[in-house]
Amino acid sequence: MNKELLLFTFLSVAKELHKQAFGLVEEIGVHHGQPRLVNLLREKDGRSLSEIAGLLHSETATISKMVKRMEHAGYLVRRSDPNDNRVTRIFLSASGRALGDKIDKLHQKMNDLLCAPLSNEEEKTLHTILKKIQAAIQEDEKQS
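Below, the structure is looked at part by part. (Residues numbered from 1 in each chain as written. Predicted model: local features only at pLDDT ≥ 70, side-chain atom pairs only at ≥ 80, totals over all residues. Heavy atoms only, no water.)

**Observations regarding the sheet that holds strand E2 (residues 76–81)**
Taking strand neighbours across the sheet as the criterion, the 3 strands line up as E1-E3-E2 in an open arrangement whose pairing is antiparallel. Taken across any chain shown, the strands that pair with only one partner, and hence form the sheet edges, are strand E1 (47–48) and E2. Two elements, E1 and strand E3 (residues 84–92), share 2 bridges in a ladder whose sense is antiparallel. Looking across to E3, one finds that Arg 47 is bridged to Ile 90. This element, helix H2 (residues 34–43), spans E1, E2 and E3 of the sheet and lies at about 105 degrees to E3. (Pairing = 2+ DSSP bridges. Helix = DSSP H or I, 4+ residues; strand = E, 2+ residues; numbered from the N terminus. Contact = heavy atoms within 4.5 Å. Axes fitted to C-alpha atoms, helices over the stretch in contact; angles between N-to-C directions.)

**Observations concerning the nonpolar core**
One broad trend across soluble globular proteins is that nonpolar side chains are buried collectively. Core analysis: the largest hydrophobic core is formed by 24 residues, its most contacted members being Leu 37, Ile 52, Ile 63, Met 70, Leu 76 and Leu 99. Mapped onto this core, the elements with two or more residues apiece are helix H1 (3–27), H2, helix H3 (49–55), helix H4 (60–72), E3 and helix H5 (94–115). Contacts of Ile 63, omitting those with residues within four sequence positions, involve Leu 49, Ile 52, Ala 53, Leu 56 and Ser 58. (Core = buried A, V, L, I, M, F, W, Y, C linked by side-chain atoms within 4.5 Å. Buried < 20%, exposed > 50% of the residue type's maximum accessible area, 1.4 Å probe, protein only.)

Below you can see the structure in the form of structure tokens.
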């Protein structure tokens, strides 16, 4: 099999999944990128802007705009760090936690879409293969 052809097929599938996910994210009333922020805060509430920016591989200014938009929508609350007033901590509001539940359903719907044509064994095999590819890419990034 031509490796370029495999790459193009993989990128095409990723593009289709991204398009589907983008539509579903809009249905729940958030912009793409915001679900990742909500999930980070669900893992550890009270992260700083710079910590979030690092984890999302984005600029602090970009994250600040996203936080401002989500704060205005009632999903997030900003608070100064009690130990360092220069640091702003970001917390989920009750609405933000409810949004997290909607995001979980969206992720499950996308997972179901991805796995629908696969048997349980094929799903496990695909997961294993993708994890191997991910690890190889991450290792290559470390080497560069």
